[in-house]
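Breakdown of the fold
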Amino acid sequence: MTPIYQTSTYAQRAPGDHQGYEYSRGTNPTRKALEDCLAALENAKFGLAFSSGMGATDAVMKLLQPGDEVITNNDLYGGSYRIFTKIFANYGIKFHFINLHQPEIIHEYVNDKTKLVWIETPTNPTMQVVDIQAVSSITKDKNLMLVVDNTFASPYLQNPMDLGADLVMHSVTKYIGGHSDLVMGALMMNDEDLYKRLWFIYNSCGATPGPMDSFLALRGIKTLHLRMKAHCENGRAIAEFLKDHPKVERIYWPGFTDHPNHHVAAKQMRDFGGMISIVLKGADLKETFRIASNFKVFTLAESLGGVESLINHPATMTHASIPRETREAAGVVDNLLRISVGVEDIDDLLEDLKNALA
Ligand SMILES: *Cc1c(COP(=O)(O)O)cnc(C)c1O
């Protein structure tokens with residue numbers, strides 16, 4: 001097993017004779033083992049681990065200068081929307097939030113200040129799928145950096161580097177860690193110059209994870225493929241159960257052939273995952289809360305991607321920081337519930353859903 005190098009500093013034989021290990025903010029052997037593993041998972045040359053997904057996102061944005069512009073999805077993870085609009089907008093970076101259903105629309109927003117395109121696919125929580133290859137052919141043509149938040153798919157289901165991304169971002173907290181016991185982020189890339197610039201930000205700003213969490217992430221990764229198979233299998237069974245349920249008005253899951261981007265999902269993903277959102281038929285906020293609080297096997301909680309099944313109310317939980325109008329335009333209505341399907345026995349999960357929706 002990779003040892004947990006629980007140290008902040010390293011003995012040097014003579015000043016400067018440190019074999020690359022000076023101080024653990026910048027380098028730690030347990031973290032390095034994890035970073036090599038993370039890079040391998042995404043078919044990338046380099047990996048960097050951060051103390052959260054948001055720490056990784058923050059580092060990417062620090063590559064930019066005031067005046068630069070970013071094009072991104074209009075249905076982003078709430079925390080990404082928040083850091084863009086409430087932090088980096090104040091430093092003079094301009095964000096265009098657009099519907100990337102038709103990637104060619106990017107052309108309408110590109111100008112000489114555009115530097116970066118940030119996409120999330122599938123999106124959170126409405127499971128919209130963006131065609132990574134189509135976007136990357138535009139970003140390559142326009143000389144823009146393409147970053148893909150691959151948290152929802154996990155490296156088991158989708159590898160954006162192979163589809164032309166320059167940088168892959170993960171909230172390791174979710175599927176990669178997989179056990180709801182750590183908060184961590186990651187960036188993976190092929191370009192050595194980009195790696196050096198990001199390592200400089202990582203070491204200078206200091207959002208780097210400790211050795212114990214790095215060990216836990218490495219341990220979680222050992223079962224990523226087993227967990228993902230179970231998430232996908234249970235996810236399919238639950239999506240099919242909910243699709244025709246009388247209390248369900250609408251369901252979002254990219255595995256259905258009538259999902260608007262199913263063909264793109266089928267092309268770029270190996271399976272469709274265990275993230276499902278439903279809109280409850282005729283339910284007001286009170287009724288939605290009643291149903292959300294009615295589960296015994298699912299836990300009402302933020303986050304996703306762990307072995308335990310979770311239920312979440314995006315409008316008041318994960319996406320509460322997005323103004324109502326913007327949120328509702330992206331489909332995050334008050335009667336929407338998001339489900340992170342875990343790896344428990346499928347009969348227990350279906351029984352719990354049946355009872356909670358009754
Ligand atoms: C959770 C999440 C993040 C943020 O990651 P943290 O580890 O919570 O900081 C970013 N993007 C997506 C899609 C997420 O689900």
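Here, the structure is the one placed above.
Below is a short write-up of the structure.

Scoring rules and cut-offs
Residues numbered from 1 in each chain as written. Predicted model: local features only at pLDDT ≥ 70, side-chain atom pairs only at ≥ 80, totals over all residues. Heavy atoms only, no water. Buried < 20%, exposed > 50% of the residue type's maximum accessible area, 1.4 Å probe, protein only. Helix = DSSP H or I, 4+ residues; strand = E, 2+ residues; numbered from the N terminus. Pairing = 2+ DSSP bridges. Axes fitted to C-alpha atoms, helices over the stretch in contact; angles between N-to-C directions. Parallel < 35°, antiparallel > 145°, perpendicular 65-115°, else oblique. Left-handed = near helix turned anticlockwise from the far one by under 90°. Contact = heavy atoms within 4.5 Å. Nonpolar A, V, L, I, M, F, W, Y, C, P; charged D, E, K, R; others polar. Core = buried A, V, L, I, M, F, W, Y, C linked by side-chain atoms within 4.5 Å. Domains from an automatic or database assignment.

So, on to the pairing of strand 6 (residues 167–171). Put simply, side chains in a regular strand alternate between the two faces of the sheet. In terms of residue burial, strand 6 counts as a mostly covered element, since 5 of its 5 residues are buried. Residues of strand 6 alternate between two faces, with Leu167, Met169 and Ser171 on one and Val168 and His170 on the opposite face, all of them buried. Where strand 5 (residues 145–149) meets strand 6, 3 bridges bridge the pair, whose relative direction is parallel. Opposite Asp149, over in strand 6, you have Met169 as the bridge partner.

Time to look at the packing of helix 8 (residues 224–243) against helix 12 (residues 346–357). Between helix 8 and helix 12, the least distance of the axes is 10 Å, while the angle of their chain directions is 30 degrees. The pairing of helix 8 with helix 12 is recorded here as roughly parallel in orientation. Remark: the crossing between helix 8 and helix 12 carries right-handed chirality. Contacts between helix 8 and helix 12 pair Asn234, Ala237, Ile238, Phe241 and Leu242 from the former with Ile346, Leu349, Leu350, Leu353, Lys354 and Leu357 from the latter. Here the contact of helix 8 with helix 12 is composed, by residue class, of 9 nonpolar, 1 polar and 1 charged.

Ile238, Leu242, Ile251, Ile276, Ile278, Phe298 and Ile339 are the most contacted members of the largest nonpolar core, which totals 43 residues. Going through the elements one at a time, helix 8, strand 8 (248–252), helix 9 (262–268), strand 9 (275–280), helix 10 (285–292), strand 12 (336–340) and helix 12 are the ones with two or more residues in this core. It is helix 8 that provides the largest number of residues to this core, a total of 6 residues. Both domains that furnish three or more residues to this core are identified here as domain 1 (29–221) and domain 2 (224–357). Setting aside chain neighbours within four positions, we find Ile238 in contact with Ile276, Phe298, Val341, Ile346, Leu349, Leu350 and Leu353.

Take the sheet that holds strand 4 (residues 114–120) next. The strand order 1-7-6-5-4-2-3 describes an open sheet built from 7 strands, whose pairing is mixed. The strands lining the two open edges of the sheet, one partner per strand, are strand 1 (46–50) and strand 3 (94–98). Each strand of the sheet is rotated relative to its neighbour by a mean of 20 degrees, with strand direction disregarded. Across the sheet, helix 1 (residues 29–41) is in contact with strand 1 and strand 7 (185–189); its angle to strand 1 comes to roughly 125 degrees. Against the sheet, helix 4 (residues 132–142) engages strand 4 and strand 5, with an angle of about 160 degrees to strand 5.

What follows concerns unusual backbone geometry. Among all residues except glycine, the phi angle is most often negative; among peptide bonds, the trans geometry is most common. Cis geometry marks the peptide bond from Thr121 to Pro122; its omega dihedral reads -10 degrees. Along the chain, Pro122 turns up in the loop between strand 4 and helix 4. Positioned with a positive phi, Met127 is a non-glycine residue whose angle comes to about 55 degrees. According to the relative accessible area criterion, Met127 is buried, its value standing at 1%. Residues other than glycine seldom take positive phi values, yet Ser180 does so here, at roughly 55 degrees. Looking at the element boundaries, Ser180 is found in the loop between strand 6 and strand 7.

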